[in-house]
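Single-letter residue listing:
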Amino acid sequence: MSQLILILTTLPDDRADAIARTLVDERLAACVNVHAPMRSTYRWKGIVERDAERQIVIKTTSDRRAALEARLRELHPYELPEFVVIRPESASAAYAKWVGESV
């Protein structure tokens, strides 16, 4: 069984739910958590920007990472989307098994 991974990205508030649903529908993710609206302050092309966003946490497996990244880049409205992969040090075997079976 491939390893459970978590992927973090941020999206405009009005796109997060639809992209989360697509990733689960296409079996690229077992689950996507869409966090509450937040404000992000960041430097982009030399200018400090401030925007409303939502962070999403995508639960998938290392085997699905490349396909998920490609699909997220197709769906994502940003020129440079955040794509941070976290490899949990440990997870319950039952949860990891469910993720593997769901993607």
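Trainee: Even after reading the chapter, I still don't get the overall build of the protein chain, so can you show me in this structure?
Mentor: In terms of helices and strands, the protein chain carries three helices and five strands. Taken from N to C terminus, the helices and strands of the protein chain fall in the order β-α-β-β-β-α-β-α. Its C-alpha radius of gyration of 14 Å places the protein chain within 12% of the 13 Å reference for a compact globule of 103 residues. Counting only C-alpha atoms, the protein chain reaches 45 × 25 × 25 Å along its principal axes. By the burial criterion, 36% of the 103 residues in the protein chain qualify as buried. Sequence separation of at least 24 residues holds for 73% of the intrachain contacts in the protein chain that already meet a minimum separation of 6. Of the accessible surface of the protein chain, which amounts to about 6,100 Å², a share of 49% is contributed by carbon and sulfur atoms. Separation of charge centres in the protein chain, based on 15 positive and 15 negative side chains, amounts to 1 Å.

Trainee: Whenever I open this one, the pairing of strand β4 (residues 47-61) confuses me. Can you help?
Mentor: Along a regular strand, successive side chains alternate from one face of the sheet to the other. As paired elements, strand β1 (residues 4-12) and β4 share nine bridges and run antiparallel to each other. Within β4, the position partnered with Ile-7 by the bridge is Ile-58. Relative to β4, strand β2 (residues 31-34) runs antiparallel, the two sharing four bridges. When the sheet's bridge partners are listed, Asn-33 is paired in β4 with Val-57. Sheet topology note: the strand β3 (residues 38-44)/β4 ladder contains seven bridges and is antiparallel. Residue pairing for β4: Trp-44 is matched across the bridge by Ile-47. Taking the residues between adjacent antiparallel strands as the criterion, β3 and β4 are bridged by two residues, where Lys-45 takes a positive phi near 55 degrees.

Trainee: What exactly am I supposed to notice about unusual backbone geometry here?
Mentor: The phi torsion of most residues other than glycine is negative, and most of the peptide bonds are trans. Even without being glycine, Arg-27 reaches a positive phi, approximately 60 degrees. Tracing the sequence through the fold places Arg-27 in the loop between α1 (16-25) and β2. Of note in this structure, Lys-45 is not a glycine but carries a positive phi near 55 degrees. By secondary structure assignment, the location of Lys-45 is in the loop between β3 and β4. Given a relative accessible area of 61%, Lys-45 falls into the exposed group.

Cut-off values and rules
Residues numbered from 1 in each chain as written. Predicted model: local features only at pLDDT ≥ 70, side-chain atom pairs only at ≥ 80, totals over all residues. Heavy atoms only, no water. Helix = DSSP H or I, 4+ residues; strand = E, 2+ residues; numbered from the N terminus. Rg over C-alpha atoms; globule rule 2.2 N^0.38 Å. Buried < 20%, exposed > 50% of the residue type's maximum accessible area, 1.4 Å probe, protein only. Contact = heavy atoms within 4.5 Å. Areas by Shrake-Rupley, 256 points an atom, 1.4 Å probe, with all protein chains shown as cover. Lys, Arg positive; Asp, Glu negative; His and termini not counted. Charge placed at Lys NZ, Arg CZ, Asp CG, Glu CD. Pairing = 2+ DSSP bridges.

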